[in-house]
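Given next are the chains, with one letter for each unit.
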Amino acid sequence: MTIDYAEKIPNNVNLANDRTLQRALEHWQPHFLQWWHEMGPSDFAQADVYLRTATSVDAQGWAQYGAVKMPDYRWGIFLADAVADRRIHFGDNIGQPVWQQVPGEHRSTLRRLIVTQGDTEPASVEQQRLLGHSCPSLYDLRNLFQINVEEGRHLWAMVYLLHAYFGRDGREEAEELLARHSGDADKPRILTTFNEPISDWLSLYCFTYFTDRDGKYQLKSLAESAFDPLSRTCRFMLTEEAHHMFVGETGIGRVVKRTLEVMKQLGTDDPARIRAHGAVDLPLLQKYLNFWCSSSLDLFGSEISSNAAANFAAGLKGRPDESGYEDHVLRDKTLDLQTPQGVEHVPMLNALNEVMRDSYLKDCELGLRRWNRAIERAGHALRLRLPSAHFRRSIGAWVNQPVTPEGKLVSQEEYAKRIGEWLPTESDRAFVRSLMQKVVAPGKMAAWLAPPERGINNLPVEYDYVKLGSE
Ligand code: BYC
């Protein structure tokens, strides 16, 4: 299905034929633009940014590149093509046709899932609002803005579902998505990670590596949903998500590469000397990994969750790549779960958050392997590691347990004494902030970061990806 760009709201859902929905969305659109103006990237509204825009939803045609001013980006509603005769393929209603409308008994749960997903999208734009002012290169600035406009579109995707399928309360929720703000004391975003400040680019790379990857897993599980419009929306969103994780993985890889160069040049692995030379020492990077990984692990919810069980049984939310599993009902399975009180035998349905967290952690390992290969090739013994899934948890069985990143339960005193070894301290953060100097000459990179291996869409790294004009 092609996207109609002639419309005020580009879409492939035939919006022109649904006047009520069109009017409702056209009413929301200026509120969105106002939000973008106030809470989106600060001060770059006049810049021409080399952005990709979706043009159709098939695998080939969805990316068209060109210079765009961000407020003119064509946000819209794009659903992946419908699958003919799609059936519910997990849970208690297996084999029945998927739903084109929201069943009454699942209305509030589905709305909550969509609102929670939708809330993260504008939240991340708000978190990243000021990063443009300290960009390490034009290439990175462009990537940041690409992510920001796509998160804006992902908000549109969820708002479409709320408007089209949830009537008045859906419209109210859509307004609320613009009224909550990241870190706001009175009206914060729903999930904790999305209230953490992202005030430096090392945090951005970690966020896009770890938190966007949670996005991948949550979207994959919603793409399995029996509510077909949600499934189709999430399937298309996933095509955009890959670039966000690419920014994280290559960003951290470039930090590692630059640090290894400095270590070689100075002939030392002494963090103080590496920092004095303006690079990020590897133990400092490890602390940032610990922080963002543990925060993102909370986004999977509690290890033992009746919500997860009910969502799966009803067909609302499957496991990512559900068809890869053998048993799609899970009524007779259990899982042994490690809790601070010992091993618990938990019905598999109630342990699905943990199943997802586990596959997520395996996916996270892939980048670490690549970064560690570079460290090993450079002849250093240090290895970057993922923290234990029990470290610094704010949700679930391990909440507030004094567990080290290696997974060892220690005393509260030892934990409090050593936390600065594991997480960025105020002075670590101040040092990272001191590195964040804006670099905007085409092809130039900040001293703490290696250049990328290639540019965007076959263009050279030196390309003028953001024409700043009179910023
Ligand atoms: N912070 O049974 P529980 C993305 C709440 S990222 C605060 O443990 P459940 C993106 C929970 O809401 C993907 N609260 O967990 C990335 C519940 O509250 P109620 C976002 C939390 O329900 C980068 C209570 O604790 N998508 O797309 O099985 C940039 C007990 O819940 C947290 C989704 O999250 C937390 N970390 O699972 C841009 C998908 N964790 O209902 C975008 C939709 C739990 O008792 N959301 N709680 O008031 C969901 O599927 C589920 O809500 C969760 C939680 C997976 C988040």
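Above: the structure in question.
Predicted model, so just to flag it, every value in this text is computed and none were measured. (Residues numbered from 1 in each chain as written. Predicted model: local features only at pLDDT ≥ 70, side-chain atom pairs only at ≥ 80, totals over all residues. Heavy atoms only, no water.)

**Q** Hey, could you go over the packing of helix 6 (residues 228–266) against helix 10 (residues 352–377) for me, with residue numbers and the actual values?
**A** At their nearest, the axes of helix 6 and helix 10 sit 10 Å apart, and the two run at 15° to each other. In terms of axis orientation, helix 6 runs roughly parallel to helix 10. As for how helix 6 packs across helix 10, the hand of that crossing is right-handed. Within the contact between the two elements, helix 6 uses Glu-249, Ile-252, Gly-253, Val-256 and Leu-260 and helix 10 uses Gly-367, Arg-370, Trp-371, Ala-374 and Ile-375. Residues of the contact of helix 6 with helix 10, tallied by class, amount to 6 nonpolar, 2 polar and 2 charged. (Axes fitted to C-alpha atoms, helices over the stretch in contact; angles between N-to-C directions. Helix = DSSP H or I, 4+ residues; strand = E, 2+ residues; numbered from the N terminus. Parallel < 35°, antiparallel > 145°, perpendicular 65-115°, else oblique. Left-handed = near helix turned anticlockwise from the far one by under 90°. Contact = heavy atoms within 4.5 Å. Nonpolar A, V, L, I, M, F, W, Y, C, P; charged D, E, K, R; others polar.)

**Q** Which residues make up unusual backbone geometry, and what values go with them?
**A** With a phi close to 55°, Asn-14 is a non-glycine residue in the positive phi region. Turning to its location among the elements, Asn-14 is positioned in the segment before helix 1 (19–39). One non-glycine residue with positive phi stands out, namely Asn-458, at about 65°. Relative to the helices and strands, Asn-458 resides in the loop between helix 12 (426–435) and strand 5 (466–467).

**Q** Describe the pairing of strand 4 (residues 342–347), listing the residues and the values that go with them.
**A** Direction of pairing for strand 3 (residues 334–339) relative to strand 4: antiparallel, over a ladder of 6 bridges. Each residue of the ladder has a partner; that of Thr-334, found in strand 4, is Pro-347. The turn joining strand 3 and strand 4, which pair antiparallel and follow one another in sequence, is formed by 2 residues. (Pairing = 2+ DSSP bridges.)

**Q** How would you explain the sheet that holds strand 5 if you had to name every residue and give the values?
**A** Strand order in the open sheet formed by 3 strands is 2-1-5, with antiparallel pairing between adjacent strands. Both edges of this open sheet fall to strand 2 (64–69) and strand 5, since each of them pairs with a single strand only. As judged from the 2 bridges shared by strand 1 (residues 48–53) and strand 5, these two strands associate in the antiparallel manner. The residue of strand 5 that forms the bridge with Val-49 is Val-466.

**Q** Give a detailed account of the side chain of Gln-286, specifying residues and quantitative values.
**A** If you trace the backbone, Gln-286 turns up in helix 8 (residues 282–297). Once you skip the residues sitting within four places of it in the chain, Gln-286 turns out to touch Arg-383, Leu-384 and Arg-385.

**Q** Explain the packing of aromatic side chains to me, and be specific about the residues and the numbers.
**A** Following the criterion strictly, the structure yields 29 aromatic pairs and no others. Centre to centre, the rings of Tyr-205 and Trp-448 are 6.3 Å apart; their planes meet at 45°, and the pair counts as tilted. On the criterion of sequence distance, the pair formed by Tyr-205 in helix 5 (residues 201–223) and Trp-448 in the loop between helix 12 and strand 5 is long-range, its members being 243 residues apart. Both residues of the pair, Tyr-205 and Trp-448, belong to the buried class. A connected cluster of aromatic rings, assembled from ring pairs, spans Trp-28, Phe-32, Trp-35, Trp-36, Tyr-73, Trp-75 and Trp-156. The positively charged end of Arg-392 is found above the aromatic ring belonging to Phe-291, 4.3 Å away from the centroid. (Phe/Tyr/Trp six-rings, centres within 6.5 Å; stacked < 30°, edge-to-face > 60°. Buried < 20%, exposed > 50% of the residue type's maximum accessible area, 1.4 Å probe, protein only. Lys NZ or Arg CZ within 6 Å of the ring centre and 35° of its normal.)

**Q** I'd love a proper account of the environment of Leu-162, names of residues and values included.
**A** Positionally, Leu-162 belongs in helix 3 (residues 138–165). Ignoring anything within four residues of it in the chain, the contact list for Leu-162 reads Arg-111, Ile-114, Val-115, Gly-167, Gly-170, Arg-171, Glu-173, Ala-174 and Leu-177.

**Q** Describe the packing of helix 3 against helix 6, naming the residues involved and giving the relevant values.
**A** At a closest axis distance of 10 Å, the pairing of helix 3 and helix 6 adopts a crossing angle of 160°. Taken together, the axes of helix 3 and helix 6 lie roughly antiparallel to each other. Of the two possible hands of crossing, helix 3 and helix 6 adopt the one that is left-handed.

**Q** Outline the site of the ligand, listing residues and values.
**A** Around the ligand lies a shell of 28 residues, among which Gln-117, Ser-302, Ser-305, Asn-307 and Lys-317 are the nearest. The contact in question runs from a nitrogen atom of the ligand to an N or O atom on the backbone of Asp-298, over 3.1 Å. One nitrogen or oxygen atom from the side chain of Ser-305 is found 2.7 Å from an oxygen atom belonging to the ligand. Burial of the ligand by the protein chains amounts to 83% of its free accessible area of 1,000 Å². Of all the elements in the fold, those that place two or more residues in the shell around the ligand are helix 2 (107–127), helix 5 and helix 9 (306–314). The leading source of residues in the shell around the ligand is helix 2, at 7 residues. Looking at the shell around the ligand, its residues break down into 8 nonpolar, 13 polar and 7 charged. (Near = heavy atom within 4 Å. Polar contact = N/O pair within 3.5 Å; in protein donor to acceptor, adjacent residues only side chain to side chain. Areas by Shrake-Rupley, 256 points an atom, 1.4 Å probe, with all protein chains shown as cover.)

**Q** Can you tell me about the nonpolar core, naming the residues and giving the values?
**A** One finds Phe-210 and Trp-448 to be the most contacted residues of the largest nonpolar core, which totals 121 residues. The leading source of residues in this core is helix 3, at 16 residues. When near neighbours in sequence (up to four residues on either side) are disregarded, Phe-210 contacts Leu-289, Trp-292, Cys-293, Ser-296, Tyr-360, Cys-364 and Leu-386. (Core = buried A, V, L, I, M, F, W, Y, C linked by side-chain atoms within 4.5 Å.)

**Q** How would you summarise the pattern of salt bridges if you had to cite specific residues and measurements?
**A** Scanning all chains against the criterion turns up 33 salt bridges. The partner of Lys-69 in a salt bridge is Asp-48, with the nearest N and O atoms 3.0 Å apart. With Lys-69 in strand 2 and Asp-48 in strand 1, the pair connects residues that are 21 residues apart, well separated along the chain. Exposure remark for Lys-69: the relative accessible area of 26% places this residue in the partly exposed category. Classification of Asp-48 as partly exposed rests on a relative accessible area of 25%. With a shortest N-O distance of 2.8 Å, Glu-354 and Arg-357 are connected by a salt bridge. Of this pair, Glu-354 and Arg-357 both sit in helix 10, separated by 3 residues, roughly a single helical turn. One exposure class covers both Glu-354 and Arg-357, and it is buried. One network of salt bridges, in which partners are shared, links Asp-298, Glu-303, Glu-354, Arg-357 and Arg-393. (Salt bridge = Lys/Arg side-chain N within 4 Å of Asp/Glu carboxyl O.)

Honestly, it's all geometry; don't read function into it.
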